[in-house]
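Okay, here's what each chain looks like letter by letter:
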Amino acid sequence: MITLDGITKTFGGYRALDNIDLEVKDGEFLALLGPSGSGKTTLLRIIAGLAFPDAGTVAFDGEDVTGLKVADRKVGFVFQHYALFKHMTVADNVGFGLSVRKRGQRPPKAQIRARAEELLELVQLGGLGNRYPAQLSGGQRQRVALARALAVEPQLLLLDEPFGALDAKVRKTLRRWLRDLHKQMGLTSIFVTHDQEEALELADRVVVMDHGVIEQIGTPEQVYMEPATAFVSDFVGETNHLPGGIHVRPHEFRIVEDGGQPVIVESIFRKGGVWRIEGSLASHAEVVELDLDATLAPPSPGDTIRIVPRRLKTFPQSGATSHDQA
Amino acid sequence: MNTLSILRARHLLIAAALAFIALFLVLPLAAVFMAALEKGLEAYAAALVEPDALAAIRLTLLVAAISVPLNIVFGIVAAWSIAKFDFPGKSLLVTFIDLPFSVSPVVAGLIYVLMFGAQGWFGPWLAEHDIQIIFAVPGIVLATVFVTFPFVARELIPLMSEQGRDDEEAALSLGASGLQTFLRVTLPNIRWGLLYGVLLCNARAMGEFGAVSVVSGHLRGLTNTMPLHVEILYNEYNFVAAFAVASLLALLALVTLVLKSIVEWRFAYHRRSAGH
Ligand SMILES: Nc1ncnc2c1ncn2[C@@H]1O[C@H](COP(=O)(O)OP(=O)(O)OP(=O)(O)O)[C@@H](O)[C@H]1O
Ligand SMILES: [Mg+2]
């Protein structure tokens, strides 16, 4: 178990992390989710021992490791830009962690090579050991970086935006693959992302961060359905802001014959399995987005439809608590 | 402008550049070899194997052999700390690294005379302990190190800054020690830039005149490097010998240029293939 207690980090007066408390359970797959600059990487680096907090403690299984360097923490770190060693073959990259061990603990060369091949098999890159990183695609490089981190048998795997530099299709494939790999290995893992879809799809629990503080910790279901703050409601999934601090997600509207709010349809297009309607509230000139079952006949632009929220949340404009009115 | 006149302008510019290079670089270089061989190969060879010339060549090689490795170490340490760490006084350090470029070599030589000369700050102490720096090999090495200091560091700072800390951090996170990280990750990452800097540093170390001239004392066969030896021969109207030794320096320049082009080509290739 990993326990963070009151972690604070400032950079020249700027508070990048402010009093962070967090517990990560063994075998858990945890996402750090937040917008750019919210402190995700900084927190991950502090957990790894690549950076050190100004205040607070990091403990692994109850043992204080705050002052311990990265080499002594038994963590695997996967960098956003892979950080593969360009002058080494893929196999040498993967075997690096074993080859730098002290003489007594260092396996013989052939064994390192065999272990590297094994790990490359695991990340589905069997047979590419003799290539150089420059001869691989982005997704392949990312998997080499992962294999390299796993080679030292870490207790904890840390991934900084593991799919950040990849295109949407590759991201999706790798994402699913990483989730399966995690299931198979059961290694405690923390990954950083600013993509809420990625966090919701992969993680057992999601930590939503903003401006160096944790806004909410919960299962994907909880942060999506029960956002603790207006920020979370906004950042995780799409949300319509209605007057009075009311937040309604696009799929949480229902079209009714009478009553409800009149909305003038401005545009309509197919978005996956639903019709996405963009319109304006007649009463407030607010733009609303709503989804309509694609099996129903869609309205046309210019039509007026009447909607009621099936579910809504109100957030006091300046507070952090929410009132459920489902 | 139509394409034709653009084309013509381009040819004109290229021709002007080539003519300039021929007039100011190639022609003088050729003249050196021509003057050296004026009295035939025998006179040329004799000028090179004459004891004072051999002593000058030996001293030049010795000075380069000491000052280049020193500057490799200093250059890497300075570039490393500047590129990879933030510390107070960093910009001051960068300025100091450039100092030898901006100060006249003669001044650089005088600084050492002021410090270590008989009338200098440490002069009496050195005399007491029977240590000779000025008008001796140590002074020449010091002056050369000073003058050539920026070459390696200047080459490495931008390279190391651009590469960032990720590779090193990755190595450390995989359990490598600081030394292992340096030898197996940092050094291979900078090798072409380093080689390039070393070549330039070496060329300057062997060719330096001004600073060395001040501290050397011009003792024939003892403290004369090749450039100083050339000057003495020239002042004695021994043109064939002067140009013979000079041709060796010119040859060094040509070899450096060729090696430099090879390194540059490898360096560019390395960078291209390393693109993310
Ligand atoms: N070494 C540093 N020196 C100064 N400021 C820093 C440093 N590292 C991070 N910061 C600042 O701390 C804040 C948090 O940075 P961090 O890299 O943790 O954000 P992030 O959530 O990972 O963002 P992104 O999604 O863009 O990677 C930012 O405002 C950043 O400018
Ligand atoms: Mg980041």
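Rules of the game
Residues numbered from 1 in each chain as written. Chains lettered and ligands numbered in written order. Predicted model: local features only at pLDDT ≥ 70, side-chain atom pairs only at ≥ 80, totals over all residues. Heavy atoms only, no water. Pairing = 2+ DSSP bridges. Helix = DSSP H or I, 4+ residues; strand = E, 2+ residues; numbered from the N terminus. Axes fitted to C-alpha atoms, helices over the stretch in contact; angles between N-to-C directions. Contact = heavy atoms within 4.5 Å. Near = heavy atom within 4 Å. Polar contact = N/O pair within 3.5 Å; in protein donor to acceptor, adjacent residues only side chain to side chain. Areas by Shrake-Rupley, 256 points an atom, 1.4 Å probe, with all protein chains shown as cover. Nonpolar A, V, L, I, M, F, W, Y, C, P; charged D, E, K, R; others polar. Domains from an automatic or database assignment. Buried area = accessible area lost by both parts, 1.4 Å probe. Salt bridge = Lys/Arg side-chain N within 4 Å of Asp/Glu carboxyl O. Buried < 20%, exposed > 50% of the residue type's maximum accessible area, 1.4 Å probe, protein only. Core = buried A, V, L, I, M, F, W, Y, C linked by side-chain atoms within 4.5 Å.

Enquirer: Quick rundown of the sheet that holds strand 6 (residues 75-78) of chain A? Include the residues and the values.
Expert: Residues and elements named next belong to chain A. Spatial strand order, 6-7-8-3-9-10: six strands in an open sheet with mixed pairing. Edge positions in the open sheet fall to strand 6 and strand 10 (213-218), since each of these has one partner strand only. Averaged over all adjacent pairs, the angle separating strand axes in this sheet is 15°, with direction ignored. Pairing of strand 7 (residues 156-160) with strand 8 (residues 188-193) involves five bridges; the strand directions are parallel. Paired with leucine 159 across the two strands is phenylalanine 191, which belongs to strand 8. Contacts from helix 1 (residues 40-48) reach strand 3 (29-33), strand 6, strand 7, strand 8 and strand 9 (205-210) within the one sheet, and its direction differs from that of strand 7 by about 155°.

Enquirer: Before we move on, could you go through unusual backbone geometry and cite the residues and values that matter?
Expert: The phi dihedral of tyrosine 82 of chain A is positive, around 70°, even though this residue is not glycine. Within the secondary structure, tyrosine 82 of chain A is located in the loop between strand 6 and helix 2 (90-99).

Enquirer: Describe in detail the site of ligand 1, supporting the description with residues and values.
Expert: Residue and element names in this part refer to chain A. Close contacts around ligand 1 come from Phe11, Tyr14, Ala16, Pro35, Ser36, Gly37, Ser38, Gly39, Lys40, Thr41, Thr42 and Glu161, and that covers them all. Between ligand 1 and threonine 41 there is a distance of 2.6 Å, counted from an oxygen atom to a side-chain nitrogen or oxygen. Protein contact buries 60% of the 640 Å² of open area that ligand 1 shows by itself. Of all the secondary-structure elements, those providing two or more residues to the shell around ligand 1 are strand 2 (14-24) and helix 1. In terms of residues, the shell around ligand 1 owes the most to one element, helix 1, which gives three residues. The residue inventory of the shell around ligand 1, partitioned by class, reads four nonpolar, six polar and two charged.

Enquirer: Kindly report on the domain arrangement of chain B, identifying the contributing residues and their values.
Expert: Residues and elements named next belong to chain B. Entries for chain B in the domain assignment read domain 1 (1-37) and domain 2 (40-274). One C-alpha centre belongs to domain 1, the other to domain 2, and the line joining them spans 31 Å. Between domain 1 and domain 2, the contact holds six residues from the first and eleven residues from the second. Taken together, the two surfaces of domain 1 and domain 2 that pack against each other cover about 730 Å², and 82% of this comes from carbon and sulfur. By the criterion of area lost to domain 2, the three top residues of domain 1 are Phe33, Ala36 and Leu37, representing 60% of everything that side buries. For the pair domain 1 and domain 2, the number of links is zero salt bridges. Counting across the domain 1 and domain 2 interface gives one residue pair in polar contact (both at pLDDT 80 or more). Among the residues making up the side of domain 1 that touches domain 2, the classes are represented as six nonpolar, no polar and no charged.

Enquirer: If you had to explain the pattern of salt bridges to someone new, which residues and values would you point to?
Expert: Residue and element names in this part refer to chain A. Within the structure shown, the criterion is met by 26 salt bridges over all chains. A salt bridge links aspartate 291 to arginine 276, with the shortest nitrogen-to-oxygen separation between them at 2.5 Å. With a gap of 15 residues between them, aspartate 291 in strand 16 (residues 287-293) and arginine 276 in strand 15 (residues 274-281) connect regions that are remote in the sequence. Since its relative accessible area comes to 17%, aspartate 291 is described here as buried.

Enquirer: I'd like to hear about the nonpolar core, residue by residue, with values.
Expert: Counting residues in hydrophobic clusters, the biggest one holds 42 residues, and the most contacted among them are Val94, Leu146, Leu157 and Val206 of chain A. For this core, the element with the highest residue contribution is helix 4 (residues 138-151) of chain A, accounting for seven residues. Those residues in contact with valine 206 of chain A that lie beyond four places of it in its chain are Ala31, Leu33, Ala199, Leu200, Gln216, Ile217, Gly218, Pro220 and Val223 of chain A. If you look at the next biggest cluster of nonpolar residues, it comprises 40 residues, including Leu43 and Ala83 of chain A together with Ala170 and Ala176 of chain B.

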